[in-house]
Amino acid sequence: MHPMLNVAMKAARAAGKIINRAELDIDQVKVGMKGPNDFVTETDQAAEQAIIEVLKKAFPDHAILAEESGASGNSDHEWVIDPIDGTANFIHGLPHYAIAIALRVKGAVQQAVVFNPATNEMFTASKGEGAFLNNRRIRVSKRIRPNEFLIGFAFPSGINDGSLGIKKKMLALTEGTAGIRKSGSSVLDLAYIASGRLDGYLCYGLNPWDLAAGSLLVAEAGGLITDPSGDSDYFTSGNAVAGNPKVLQYLLAFKA
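Cut-offs and rules
Residues numbered from 1 in each chain as written. Predicted model: local features only at pLDDT ≥ 70, side-chain atom pairs only at ≥ 80, totals over all residues. Heavy atoms only, no water. Helix = DSSP H or I, 4+ residues; strand = E, 2+ residues; numbered from the N terminus. Rg over C-alpha atoms; globule rule 2.2 N^0.38 Å. Buried < 20%, exposed > 50% of the residue type's maximum accessible area, 1.4 Å probe, protein only. Contact = heavy atoms within 4.5 Å. Lys, Arg positive; Asp, Glu negative; His and termini not counted. Charge placed at Lys NZ, Arg CZ, Asp CG, Glu CD. Pairing = 2+ DSSP bridges. Core = buried A, V, L, I, M, F, W, Y, C linked by side-chain atoms within 4.5 Å. Salt bridge = Lys/Arg side-chain N within 4 Å of Asp/Glu carboxyl O. Axes fitted to C-alpha atoms, helices over the stretch in contact; angles between N-to-C directions. Arc of directions from axis to C-beta.

A. Fine view of the overall build of the protein. When you go through the protein residue by residue, the secondary structure sums to 8 helices and 15 strands. For a compact globule of 256 residues, the expected C-alpha radius of gyration is about 18 Å, and the protein comes in at 17 Å, within 12% of that figure. Its C-alpha atoms put the protein at 50 × 40 × 30 Å along the principal axes. Here the protein holds 256 residues, and the buried ones make up 53% of them. Taking the contacts inside the protein whose residues are at least 6 apart along the sequence as the reference set, 62% of them involve residues at least 24 apart. A gap of 7 Å separates the mean positions of the 25 positive and 27 negative side-chain charges of the protein.

B. Structural context of the pairing of strand 11 (residues 150–154). Burial analysis of strand 11 places 4 of its 5 residues in the buried class, which makes it a mostly covered element. Bridge count for strand 11 against strand 12 (residues 179–181) is 3 bridges, and the pairing is parallel. Residue pairing in the sheet places L150 in a bridge with G179 of strand 12. Of the pairings in the sheet, the one linking strand 11 to strand 13 (residues 200–203) comprises 4 bridges and is parallel in character. Looking at strand 13, one finds that I151 is bridged to G200.

C. Up close: the nonpolar core. If you look at the biggest cluster of nonpolar residues, it comprises 38 residues, and the most contacted ones within it are V114, F123, L190, Y201, C203, L211 and L217. Elements that contribute at least two residues to this core include exactly strand 6 (98–105), strand 7 (108–116), strand 8 (121–126), strand 9 (131–133), helix 5 (186–194), strand 13, helix 6 (208–220) and strand 15 (240–243). Leaving out residues up to four positions away in the same chain, L211 has contacts with L190, C203, L206, Y234, F235, G238 and A240. Residues V7, W79, V113 and M122 belong to the second largest nonpolar core, which totals 31 residues.

D. Looking closely at the pattern of salt bridges. This model, assessed by the stated rule, comprises 4 salt bridges. Its salt-bridge partner being E78, residue R104 comes within 3.0 Å of it at the nearest N-O pair. You can see R104 sitting in strand 6 and its partner E78 sitting in strand 5 (residues 77–85), a full 26 residues away along the chain. There is no split in this pair, since R104 and E78 are both buried. Between E121 and R197 there is a salt bridge whose closest N-O contact spans 2.7 Å. Of this pair, E121 sits in strand 8 while R197 sits in the loop between helix 5 and strand 13; the two residues are 76 residues apart in sequence, bridging distant segments of the chain. Taking the relative accessible area as the measure of exposure, E121 reaches 15% and is therefore buried.

E. Spatial organisation of the sheet that holds strand 12. Spatially, 5 strands are ordered 12-11-13-15-14 in an open sheet, and the strand pairing comes out mixed. Strands at the two margins of the open sheet, each flanked by one partner only, are strand 12 and strand 14 (224–226). On average, each strand axis in the sheet is inclined to that of its neighbour by 20°, with strand direction left out of account. Strand contacts of helix 8 (residues 245–253): strand 11, strand 13, strand 14 and strand 15, with the helix running at about 145° to strand 15, the strand carrying the most contacts.

F. Highlighting the pairing of strand 6. Here strand 6 lies mainly inside the structure; 7 of its 8 residues are buried. What sits between strand 6 and strand 7 in their antiparallel hairpin is a turn of 2 residues, with K106 showing a positive phi close to 50°.

G. Layout of helix 4 (residues 166–176). Considered for burial, the residues of helix 4 that qualify are I166, K169 and L173. Each buried residue of helix 4 lies within a common arc of 60° when the element is viewed along its axis, so the set occupies one face. Counted as exposed and oriented over 90 degrees from the buried face of helix 4: K167, K168, L171 and E175. On its buried face, helix 4 is in contact with strand 11, strand 12, strand 13 and helix 8.

And the structure:
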């Protein structure tokens, strides 16, 4: 296992302990709002600090891009962190949320960890070495018939739907596939694409910390991830499509 991945896993477990302790008495967790339906808790902040502490101890010169504390440092090596993706789920005691940690080197994701502390599922990937769930190799689904596709969907409530036609597309996709899932955690959705639990994924208006770790998991599990035009610009646009090659082809061509 790559030593940098090892450190990222250690950081994820440190954050997981904080999250699991908070979940035992979730009603006592202080909750704030960053925007419409965009929650932040003291647990997000404590978990993020725990991750940064572990990473900084091992790699003091590396840069950090984290959801709650922003960007710091200047280096070709940048850790991209989401301490709790799925905060609304966490607040409700719904055990579907994850810690995401990715290392980008000159902008390219090289290491990825996605950890759900509620289920103890650890998804990992190193560039060129495959994707794993709790150390077992994972692959994207083999489904090729649209009526069998289970499609994940994500878009923030504040996004302007007018030009994108997101809700129209979501409704149309429910007719031609096995169904749509909007889980509340884009990070886990991408991990589920990598492990074959979801067949395809469409997301809009996301941030680098929502996409970085999952994008490598998908690629290393034999899947593809692009922006809705089929290009590789999803970090800039925040809009992405993912799945096995057949599902990706279907979603890119889909017209609502």
